[in-house]
Number of protein chains: 2
Amino acid sequence: MTDSQKSMPANAKLVFKGKIFEVWQWEQKMFDGSLEVFEQLRRPNTAIMIATVEDKILIEVQEQPNRPRPFLSLPGGRCDWEENPLAAARRELLEETGYESRDWTLWKELNPVGKIEWTVYTYIARNCVQKKAPHLDAGEKITTRLIGFEEFLMLSEDPTFYERELAGVLLRTRYDPNAKEEFYNLLFKTS
Amino acid sequence: MTDSQKSMPANAKLVFKGKIFEVWQWEQKMFDGSLEVFEQLRRPNTAIMIATVEDKILIEVQEQPNRPRPFLSLPGGRCDWEENPLAAARRELLEETGYESRDWTLWKELNPVGKIEWTVYTYIARNCVQKKAPHLDAGEKITTRLIGFEEFLMLSEDPTFYERELAGVLLRTRYDPNAKEEFYNLLFKTS
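Residues numbered from 1 in each chain as written. Chains lettered and ligands numbered in written order. Predicted model: local features only at pLDDT ≥ 70, side-chain atom pairs only at ≥ 80, totals over all residues. Heavy atoms only, no water.

## Structural notes on the interface of chain B and chain A
Often, the extent of an interface is quoted as the loss of accessible area upon association of its parts. As a reminder of what qualifies: Contact criterion: two residues are considered in contact whenever any of their non-hydrogen atoms come within 4.5 Å of each other. Here the buried area means the combined drop in accessible surface, using a 1.4 Å probe, for two parts upon being joined, counting both sides. By convention in these notes, a salt bridge is any Lys or Arg side-chain nitrogen within 4 Å of a carboxyl oxygen on Asp or Glu. Here a polar contact is recorded for every N or O atom pair within 3.5 Å, except that within protein the pair must consist of a potential hydrogen donor and a potential acceptor, and residues adjacent in sequence are included only if both atoms are side-chain atoms. Each residue is assigned to one class: nonpolar for Ala, Val, Leu, Ile, Met, Phe, Trp, Tyr, Cys and Pro, charged for Asp, Glu, Lys and Arg, and polar for all the others, Gly among them.
Listed by partner, the interface residues are 53 residues for chain B and 53 residues for chain A. Carbon and sulfur atoms supply 63% of the area that chain B and chain A bury against each other, a total of about 4,400 Å² over both sides. It is Phe31, Glu39 and Tyr175 of chain B in chain B that bury the most area against chain A; as a group they hold 15% of the surface buried on that side. Counting every contact that joins chain B to chain A gives two salt bridges. Seen at the junction of chain B and chain A, the total is 12 residue pairs in polar contact (both at pLDDT 80 or more). Of the residues in the side of chain B that touches chain A, the class split is 22 nonpolar, 13 polar and 18 charged.

Written as structure tokens, this is what we have:
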């Protein structure tokens, strides 16, 4: 999705506020001058990360209360409204895995889908160190795994891997030696 | 997104119905037995298509009233609630481009994003023939272009290409000769 769909028009009005989603509407002038009600959502942003521990990558095996099967994901989660995404990323990494990093880079900033004002911030968190035990919510069942770089690149082929938007990067990295070296350095060389 | 998120739980209640989006909520039992309100959306499904005309592919250059710049997309659009997706695909192709096909294959059925009950049906519509002039809504400004297979595969690199979820397929097809031949046959050989 392009940045053109990111900001709500100035005349948009909040018509419903749910637990996660807000619904906004406005009168939009059409190409023939007529007016129509347009609708768009807002939801809190998301912060996720590729977290490295020595030469491994930290991934999660998650279960959620309304999903029948476990799935793989990167660490991360929902930002609080107005929360700085890097602060949210640090908080989620510590809560979900007990790890901390002192070497963060914002890698991608994506709007995954049309009609929703929602940004997914993806960070690289290098040289993570375990500081304490994970602290999970009542709605979380998470275990962590450390996997190698090559195994990580194969996650594009795993239908349970949650971050589908990264599949293209993983695929390109497997096929293109230059992209692979660049991605490896991004993850494992201290910035 | 996996199929596990597709269906709303039986105890979900509609709490808001907008122009496009419905908001549903339910009480969800957590792993420790406590209850929390979970929220999920429903929206009408989408039907899009790779439409071929002889050895070319029909793509659209679109403008929309709330977007500052034109963008590229496949033909297609929103299904009416309960509308059969193939019927919606035929209707959208005819309205937006004036073309018809007698050779349709359902190629992909994807749930693009978590927390939204929403399926994008992608069809192959082979050997399209122009039957009449396009018939556009007041909110549509669409012109069509016929492009070759190689140019189509490069759309993964075009940041304005709307169907981001196809970028992985186009990329794999460029790198893997077997995948390329298979995709070419899917598009251009009569089924």
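Read on for the rest.
## Description of the layout of surface pockets
Filter applied, for reference: Both cavities and pockets are sets of points on a 1 Å grid over the protein atoms alone; in a cavity a 1.4 Å probe fits but cannot get out, in a pocket the set is open with protein on both sides within 12 Å along at least five of seven lines, and lining residues sit with an atom within 4 Å of a point. Grid points are joined across faces, edges and corners, and a volume is the space filled by probe spheres set on the points.
There is about 200 Å³ of room inside the second largest pocket. Counted by class, the lining of the second largest pocket contains six nonpolar, two polar and seven charged residues.

## Observations regarding the sheet that holds strand S10 (residues 116–117) of chain A
Residue and element names in this part refer to chain A. Heads up, the rule is: Two strands pair under a simple rule: DSSP has to find at least two bridges between them. Strands are runs of DSSP state E lasting at least 2 residues, helices are runs of H or I lasting at least 4, and numbering of each runs from the N terminus.
Across the sheet, four strands lie side by side as S1-S2-S3-S10; this open sheet has mixed pairing. Looking along the sheet, the strands with just one partner apiece sit at the ends: strand S1 (13–17) and S10. Relative to strand S2 (residues 22–29), S1 runs antiparallel, the two sharing four bridges. Its bridge partner lying in S2, Phe16 is registered against Val23.

## Remarks on the side chain of Glu60 of chain A
All names here are of chain A. The condition is simple: Each residue is placed in one exposure class: buried if its accessible area under a 1.4 Å probe, protein chains only, is under 20% of its type's maximum, exposed if it is over 50%, and partly exposed if it falls in between. His is not counted here, nor are the chain ends, while Lys and Arg score as positive and Asp and Glu score as negative.
Tracing the chain through its elements places Glu60 in strand S5 (residues 56–63). The charged side chain of Glu60 is buried without a salt bridge, its nearest counter-charge being Arg91 at 11 Å. Beyond its immediate sequence surroundings of up to four residues, Glu60 is in contact with Phe71, Leu72, Ser73, Leu74, Pro75, Glu96, Thr97, Ile142, Thr143 and Thr144.

## Re the relation of the copies chain B and chain A
Applicable threshold: Superposing the copies works by least squares over the C-alpha atoms of residues that have pLDDT at least 70 in both of them.
Of the two same-sequence chains, chain B is brought onto chain A (RMSD 0.0 Å, axial shift 0.0 Å) by a rotation of 180°. In symmetry terms, the pair is related by a two-fold rotation axis. Within chain B, the C-alpha atom positioned nearest to the axis of rotation is that of Gly168 of chain B, 2.4 Å from it.

## Focus: the packing of helix H3 (residues 167–175) of chain B against helix H4 (residues 177–188) of chain B
Residue and element names in this part refer to chain B. We count it as follows: Convention adopted: a line fitted to C-alpha atoms gives each axis, helices being fitted over their contacting stretch, and angles between N-to-C directions are expressed from 0 to 180 degrees. Roughly parallel covers angles under 35 degrees, roughly antiparallel covers those over 145, roughly perpendicular covers 65 to 115, and oblique covers all other angles. Helix crossings fall into two classes, left-handed where the near helix is turned counterclockwise from the far one by less than a right angle and right-handed where it is turned clockwise.
Across the interface, H3 lies against H4 with an axial gap of 5 Å and an inter-helix angle of 120°. Overall, the two elements H3 and H4 adopt an arrangement that is oblique. In the packing of H3 onto H4, the handedness of the crossing is left-handed. For the pair H3 and H4, the contacting residues are Val169, Leu170, Arg172, Thr173 and Tyr175 in the first and Pro177, Ala179, Lys180 and Phe183 in the second.

## Describing the sheet that holds strand S3 (residues 35–42) of chain B
Strand order in the open sheet made by the four strands is S1-S2-S3-S10 (chain B), with mixed pairing throughout. Edge positions in the sheet fall to strand S1 (13–17) and strand S10 (116–117) of chain B, since each of these pairs with one other strand and no more.

## Topic: the pattern of salt bridges
A side chain of one charge can pair with a side chain of the opposite charge when the charged atoms of the two come close. Tallied over the full model, the rule gives 22 salt bridges over all chains. Two residues, Glu117 of chain A and Arg42 of chain A, come together in a salt bridge whose shortest N-O distance is 3.6 Å. Here Glu117 of chain A, found in strand S10, pairs with Arg42 of chain A, found in strand S3 (residues 35–42); they are 75 residues apart in sequence, far enough to count as distant. The partner of Glu150 of chain B in a salt bridge is Lys180 of chain B, with the nearest N and O atoms 2.9 Å apart. A residue pair is termed long-range when its members are at least 10 positions apart, and Glu150 of chain B in helix H2 (residues 149–153) and Lys180 of chain B in helix H4 qualify at 30 residues. Under the relative-accessibility criterion, Lys180 of chain B is labelled partly exposed at 25%. When salt bridges that share partners are traced, they join Lys17, Glu22, Arg42 and Glu117 of chain A into one network.

## Section: unusual backbone geometry
A positive phi angle, close to 65°, is found at Lys115 of chain A, a residue other than glycine. Turning to its location among the elements, Lys115 of chain A is positioned in the loop between strand S9 (103–110) and S10. In this structure, Glu54 of chain B takes a positive phi of about 50° despite not being glycine. By the element assignment, Glu54 of chain B lies in the loop between strand S4 (46–53) and strand S5 (56–63).

## Topic: the state of the cysteines
Residue and element names in this part refer to chain A. Which entries qualify depends on this criterion: A pair of cysteine sulfur atoms is labelled a disulfide when the two atoms are within 2.5 Å.
In total, this model carries zero disulfides over all chains according to the counting rule given. The structure places no disulfide on Cys79, whose sulfur is separated from the nearest cysteine sulfur, that of Cys128, by 17 Å. Judged by its relative accessible area of 5%, Cys128 falls in the buried class.

## Some points on the domain arrangement of chain A
All names here are of chain A. Spelled out, the test is: Those domain boundaries reflect an automatic or database domain assignment.
Along its sequence, chain A is organised into domain 1 (3–42) and domain 2 (46–148). Counting residues at the interface gives 11 residues for domain 1 and 10 residues for domain 2. Note on domain 1 versus domain 2: buried area summed over both sides is about 1,000 Å², and carbon and sulfur give 49% of it. If you look at where domain 1 meets domain 2, you find one salt bridge. At the surface where domain 1 touches domain 2, the tally comes to three residue pairs in polar contact (both at pLDDT 80 or more). No other element matches the four residues that S3 contributes to the side of domain 1 that touches domain 2. Across the side of domain 1 that touches domain 2, the residue classes break down as three nonpolar, three polar and five charged.

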